[in-house]
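# Structural description and commentary
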Amino acid sequence: MASLVEKQLFKSLLSSFLLVLLFSDTVYSSRKTMDQKKPCKHFSFYFHDILYDGDNVANATSAAIVSPPGLGNFKFGKFVIFDGPITMDKNYLSEPLARAQGFYFYDMKTDYNAWFCYTLVFNSTEHKGTLNIMGADLMMEPTRDLSVVGGTGDFFMARGIATFVTDIFQGAKYFRVKMDIKLYECY
């Protein structure tokens, strides 16, 4: 009687193990392979930011909504919301191919550093949809990588890297950043 129960138990465990093995192999084989060395899409854009200073309502593309005084020399705690043009070239007046809409805040007391969270909203003949980007912008570094964490439309569920290079910085009034976007997961 004990050997019959042991055989039944062994058959049940073996069947369960084979079933789990079958399903795990099916899930694993259906995953999309990703070549991390070669992006599936690659773009280069320019992001323009003109900070509102009280006199430039017509041209401002961003505004500080929180700017606590006395927290050091590196704008720590300053929170900025923006809706700026994305262009193919360095000219602010060029036809925008997208808008960058989001926010950044300065989050380091010992150096200039900001954390960005924004959406590139495309509505052109070439692209429709959004790309969502977020991450730390270590401003004193020559290049900085932020994560592309998703998208919609032409960029449905995209993932990749947005590399920032500061192209021009004119004090607290204007900056332009070159964004080199490489998508490694495209659907």
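Scroll up for the structure.
So, a few notes on the structure that sits alongside this text. Quick caveat, the model's predicted, so the values are computed rather than measured. (Residues numbered from 1 in each chain as written. Predicted model: local features only at pLDDT ≥ 70, side-chain atom pairs only at ≥ 80, totals over all residues. Heavy atoms only, no water.)

### Side note on the overall build of the protein chain
- Scanning the protein chain for helices and strands turns up one helix and nine strands.
- Seen in sequence order, the protein chain has helices and strands lined up from the N terminus as α-β-β-β-β-β-β-β-β-β.
- Here the protein chain, with 187 residues, has 32% of them falling under the buried criterion.
- A separation of at least 24 residues holds for 46% of the contacts in the protein chain among residues at least 6 apart in sequence.
- Accessible surface, the protein chain as shown: approximately 11,800 Å² in total, 61% of it carbon and sulfur. (Helix = DSSP H or I, 4+ residues; strand = E, 2+ residues; numbered from the N terminus. Buried < 20%, exposed > 50% of the residue type's maximum accessible area, 1.4 Å probe, protein only. Contact = heavy atoms within 4.5 Å. Areas by Shrake-Rupley, 256 points an atom, 1.4 Å probe, with all protein chains shown as cover.)

### Here's the deal with the pattern of salt bridges
- Under the criterion given, the structure shown has six salt bridges.
- Asp-53 serves as the salt-bridge partner of Lys-173, at 2.2 Å between the closest nitrogen and oxygen. Of the two residues, Lys-173 is situated in the loop between β8 (159-170) and β9 (174-185) and Asp-53 in the loop between β1 (41-50) and β2 (62-66); the sequence distance between them amounts to 120 residues.
- The partner of Arg-176 in a salt bridge is Asp-167, with the nearest N and O atoms 2.5 Å apart.
- Residue Arg-176 is classed as buried on the basis of its relative accessible area of 12%. (Salt bridge = Lys/Arg side-chain N within 4 Å of Asp/Glu carboxyl O.)

### Section: the state of the cysteines
- A complete count under the given rule lists one disulfide for this structure.
- Sulfur-sulfur distance for the disulfide between Cys-40 and Cys-186 comes to 1.9 Å. Its torsion about the S-S bond being 80 degrees, the disulfide of Cys-40 and Cys-186 is classed as right-handed. Taken together, the residues Cys-40 in the loop between α1 (2-30) and β1 and Cys-186 in the segment after β9 connect sequence positions 146 residues apart. (Disulfide = S-S within 2.5 Å.)

### Focus on the environment of Pro-142
- In this structure, Pro-142 sits in the loop between β6 (128-137) and β7 (144-153).
- By relative accessible area, which is 62% here, Pro-142 ends up exposed.
- Beyond its immediate stretch of four places on either side in the chain, Pro-142 contacts Phe-164 and Val-165.

### Quick notes on unusual backbone geometry
- The backbone phi angle of Lys-75 is positive, close to 60 degrees, even though this residue is not glycine.
- Turning to its location among the elements, Lys-75 is positioned in the loop between β2 and β3 (79-87).
- In this structure, Met-157 is a non-glycine residue whose phi angle is positive, near 55 degrees.
- Along the chain, Met-157 turns up in the loop between β7 and β8.
- Accessibility expressed as a relative area gives 43% for Met-157, which makes it partly exposed.

### Section: the pairing of β6
- Two strands pair when backbone bridges link them, and strand β5 (residues 114-123) and β6 are joined in this way by ten bridges, in the antiparallel orientation. Among the inter-strand pairings, Trp-115 is bridged to a residue of β6, identified as Ala-136.
- Between the antiparallel neighbours β5 and β6 lie four residues.
- Count of turn residues in the β6/β7 antiparallel hairpin: six residues. (Pairing = 2+ DSSP bridges.)

Just distances and angles here, no functional claims.
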